[in-house]
Amino acid sequence: MNRPPLTPLADSLPASVPFVGPETLERARAAPFAARLGANESVFGPSPKALNAMAAASADVWKYGDPENYDLRHALAQHHDVSPDNIVVGEGIDALLGYLVRLYVEGGTAVVTSAGAYPTFNYHVAGFGGELHMVPYRDDREDPDALLARALETGARLIYFANPDNPMGSWHDAVAVQHLIDAVPSDCLLILDEAYIELAPDGTAPALDMTNENVIRMRTFSKGHGMAGARVGYALGEAQTIAAFNKIRNHFGMCRISQAGALAALNDQPYLAEVCAKVAASRDRIAEIARDNGLVPLPSATNFVAVDCGADGDFARKVLEGLLAEGLFVRMPFVAPQNRAIRISCGSPQDMDLLAQALPKALHAARQSNG
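Residues numbered from 1 in each chain as written. Predicted model: local features only at pLDDT ≥ 70, side-chain atom pairs only at ≥ 80, totals over all residues. Heavy atoms only, no water.

(A) Spatial organisation of the side chain of Arg283. Within the element layout of this structure, Arg283 appears in helix 11 (residues 269-292). Polar contacts involving the side chain of Arg283 include one to the main-chain carbonyl oxygen of Thr302, which spans 2.6 Å. Excluding its chain neighbours within four sequence positions, the residues that come into contact with Arg283 are Leu199, Ser300, Ala301, Thr302, Phe304, Val305 and Cys346. (Helix = DSSP H or I, 4+ residues; strand = E, 2+ residues; numbered from the N terminus. Polar contact = N/O pair within 3.5 Å; in protein donor to acceptor, adjacent residues only side chain to side chain. Contact = heavy atoms within 4.5 Å.)

Shown next, in the form of structure tokens:
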């Protein structure tokens, strides 16, 4: 039977997703996980005010969401002391990255990122025919100097740099980030992914400068605000850069329930502070459990901890598989040498108790299989 052909680019791409979801793994194992510690979600959930706002908005779900995201954009502008024209709201950072790549990347466009950094960005670049150039991590952190050098070498249109970083939880201080921003070539755009910034130490984020045409900063309600399933992200940038999103974005992509929840969450900063404290306590507990089992927890400015398993990627994968067998969903970095670690999301005290029980068993099984 004949069928309409895909474009040559689409035909060349694998039909895959960047991540295997926990639901997929649960279906494969025919059982739910006892603890979901692999997707860097916030088990502490959204503000009660956000939940109430979303419940109230659900009665109006028959209406499309405001395509201008007016109330949320203006509230974010006030929160950050910028103009609403400096903000675009989208269906999570993932969607905003897709729109941004669509705006700047075509066949053969050079794009620079770190090997092992957030794979969804790479997925979008491949989908628009861009040419990815990757630099290695240095000391388990993204390397701003190497990213800049590769961008200059390749004439890159985009540089992707996450601070704090996923999957290692590492970070650079504001001075180092500002140095990178100041050095970006005039024909290049730095994508500064700050998804975890609310959870990072003071002094991690440089000051906002909405006049700089060579940087765009990504934020989200998925992490500290606990609204991953609502898909609300936003970008901060120079007004003309932000206006370009209106050329191609899905104007009805944001449902009114998500908009209402994000607005209420933004207005409940005391709750965000409570969550940050709970995350810090959970990071400490993960680190304690790791050390109790002879492993090395890496410093983290996020809502997860990368735990060095002390060997190579094959061994770390066996530890991960042991935790999955014990009913704990976790993940690990994809690229060596960072894949010597497993990545454990913060959780409730009960989740941490389950981790403390399961990790020794997973390590024992991994060592046994290694002979």
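(B) Layout of the packing of aromatic side chains. Under the criterion given, the structure shown has 5 aromatic pairs. Note on Tyr64 and Phe252: the rings are 4.8 Å apart at their centroids and 35° apart in plane angle, and the pair reads as tilted. Placement of the pair is Tyr64 in the loop between helix 3 (48-57) and helix 4 (70-80) and Phe252 in the loop between helix 9 (239-243) and helix 10 (256-266), with a sequence separation of 188 residues. Look at Tyr64 and you get exposed, because its relative accessible area is 66%. Look at Phe252 and you get partly exposed, because its relative accessible area is 46%. Relative to Phe304, the ring of Tyr196 lies with its centre 5.5 Å away and its plane at 80°, an arrangement referred to as edge-to-face. Of this pair, Tyr196 sits in the loop between strand 6 (189-193) and strand 7 (215-220) while Phe304 sits in strand 10 (residues 304-308), and the two are 108 residues apart along the sequence. For the residue pair Tyr196 and Phe304, the accessibility class agrees, reading buried in each case. Here the basic side chain of Arg343 rests over the ring of Phe304, its NZ or CZ set 5.5 Å away from the ring centre. (Phe/Tyr/Trp six-rings, centres within 6.5 Å; stacked < 30°, edge-to-face > 60°. Buried < 20%, exposed > 50% of the residue type's maximum accessible area, 1.4 Å probe, protein only. Lys NZ or Arg CZ within 6 Å of the ring centre and 35° of its normal.)

(C) Fine view of the sheet that holds strand 12 (residues 341-345). The strand order across the open sheet formed by 3 strands is 9-10-12, and the pairing between neighbours is antiparallel. In the strand order of this sheet, the two ends are held by strand 9 (296-297) and strand 12, each with one partner. Note: strand 10 against strand 12, 5 bridges, orientation antiparallel. Residue pairing across strands places Phe304 opposite Ser345, the latter belonging to strand 12. (Pairing = 2+ DSSP bridges.)

(D) Structural context of the pairing of strand 2 (residues 87-90). The two faces of strand 2 match: Ile87 and Val89 on one face and Val88 and Gly90 on the other face are all buried. Of the pairings in the sheet, the one linking strand 2 to strand 8 (residues 233-237) comprises 4 bridges and is antiparallel in character. Its bridge partner being in strand 8, Val89 is matched across the sheet by Tyr234.

(E) Structural view of the pattern of salt bridges. Scanning the model with the defined rule gives 13 salt bridges in all. Note that Glu288 and Arg285 form a salt bridge whose closest N and O atoms lie 3.7 Å from each other. Residue Glu288 and its partner Arg285 are located together in helix 11, separated by 3 residues, close to a single helical turn. Overall, the relative accessible area of 40% leaves Glu288 in the partly exposed class. On the basis of relative accessibility, which here comes to 26%, the residue Arg285 falls in the partly exposed class. With its nearest N and O atoms 3.9 Å apart, the salt bridge here joins Glu326 to Lys361. In this pair, Glu326 sits in the loop between helix 12 (313-325) and strand 11 (328-329) while Lys361 sits in helix 13 (residues 349-369), placing the two residues 35 residues apart along the sequence. Within the structure, one salt-bridge network assembled from shared partners comprises Glu23, Arg36 and Glu41. (Salt bridge = Lys/Arg side-chain N within 4 Å of Asp/Glu carboxyl O.)

That's the geometry; what it means functionally is another story.
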